[in-house]
Every structure is written in structure tokens, then in C-alpha cells.
Amino acid sequence: MSKLDVQEETNLFMKKINEGYFEKERSTNCEVVYEEEKRDRDTAAVKEFLKTPLFKHIMDM
């Protein structure tokens, strides 16, 4: 088994790094952000509740 030329292998490795050989595409998170979804849902529910007779009754007490 022959010995590797360390400098030659290092240069080859660095060339691959600089040319983007080891790069990988980063995925983006396309899922719903639960905190924002919950906040929007709760806000809509409160706005609807403000229109109900029960809320008017509570406010008149």
C-alpha cells in the first residue's frame, strides 16, 4: 500500500471545499408557526365573542 502525499490530498480537499463540493441545500421550514396560528385563532374568537348577546349582557351588569 502506497503512502498518501498529505499536501496533495490536503490541496485536493481544499479545492473541493472552495468549489462547493460539500455544500448541501438547506431546506426551509414551510410548516405553520403554531404560536402565530393560535394567536390569530384566539383573536378571531374574541372578536366574534364581542358581537354576542352574552357579552352585551355582561357589559350591562
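Everything here concerns the structure above.
*Asks:* Could you give an account of the environment of Lys56, naming the residues involved and the relevant values?
*Replies:* Structurally, the position occupied by Lys56 is in helix H3 (residues 53-60). Linking Lys56 and Glu31, residues 25 residues apart in sequence, is a C-alpha distance of 38 Å.

*Asks:* Tell me about the pattern of salt bridges, and please be specific about residues and values.
*Replies:* Enumeration over the complete set of coordinates arrives at three salt bridges. Close ionic contact of Arg41 with Asp42 constitutes a salt bridge, the shortest N to O distance being 3.4 Å. For Arg41, a relative accessible area of 45% translates into the label partly exposed. Three or more residues are tied together by salt bridges with common partners; here these are Lys38, Arg41 and Asp42.

*Asks:* With reference to specific residues and values, describe the packing of aromatic side chains.
*Replies:* This model, assessed by the stated rule, comprises one aromatic pair. Ring geometry for Phe49 against Phe55: centres 5.7 Å apart, planes inclined by 70°, an arrangement best described as edge-to-face. The side chain of Lys16 reaches across the aromatic face of Tyr21, ending 4.8 Å from its centre.

*Asks:* Which residues make up a nonpolar patch on the surface, and what values go with them?
*Replies:* Taken together, the side chains of Val46, Phe49, Leu50, Leu54, Ile58 and Met61 define a hydrophobic patch exposed on the protein surface, amounting to about 590 Å² of accessible area. Among the residues examined, Phe49 registers a relative accessible area of 34% and is labelled partly exposed.

*Asks:* I'd like to hear about the environment of Phe55, residue by residue, with values.
*Replies:* Relative to the helices and strands, Phe55 is located in helix H3. Overall, Phe55 belongs to the partly exposed group, its relative accessible area being 21%. Along the chain, Phe55 and Val6 lie 49 residues apart, while their C-alpha atoms are 78 Å from each other. If we ignore the near neighbours within four places in the chain, the residues touching Phe55 are Phe49 and Leu50.

The rules behind these values
Numbering of residues starts from 1 in every chain and runs along the sequence as written. In keeping with the model being predicted, local features are shown solely for residues with a pLDDT of at least 70 and side-chain atom pairs are shown and tallied solely at 80 or more, while totals for entire chains, interfaces and linings include all residues. For the side-chain quantities, the full set of heavy atoms in the structure was used; hydrogens and water were omitted. Segments assigned H or I by DSSP are reported as helices when at least four residues long, segments assigned E as strands when at least two residues long, and all are numbered from the N terminus. A carboxyl oxygen of Asp or Glu within 4 Å of a side-chain nitrogen of Lys or Arg is what we treat as a salt bridge. Burial classification: accessible surface area is computed with a 1.4 Å probe over protein chains only, and a residue below 20% of its type maximum counts as buried, one above 50% as exposed, and the rest as partly exposed. Each Phe, Tyr or Trp ring (for Trp, its six-membered ring) is paired with any other whose centre lies within 6.5 Å, and the angle between the two planes then decides the class: stacked below 30 degrees, edge-to-face above 60, tilted in between. Note on criteria: charge over ring means Lys NZ or Arg CZ within 6 Å of the ring centre, with the direction from the centre no more than 35 degrees off the ring normal. In this scheme, patches are assembled from residues that exceed 30% relative accessible area and form no salt bridge. Like charges are connected within 9 Å, while nonpolar side chains (Val, Leu, Ile, Met, Phe, Trp, Tyr) are connected within 5 Å. Using a 1.4 Å probe, the Shrake-Rupley method yields the accessible areas, and only the shown protein chains count as cover for residues. Residues count as neighbours in contact if any of their non-hydrogen atoms are within 4.5 Å of one another.

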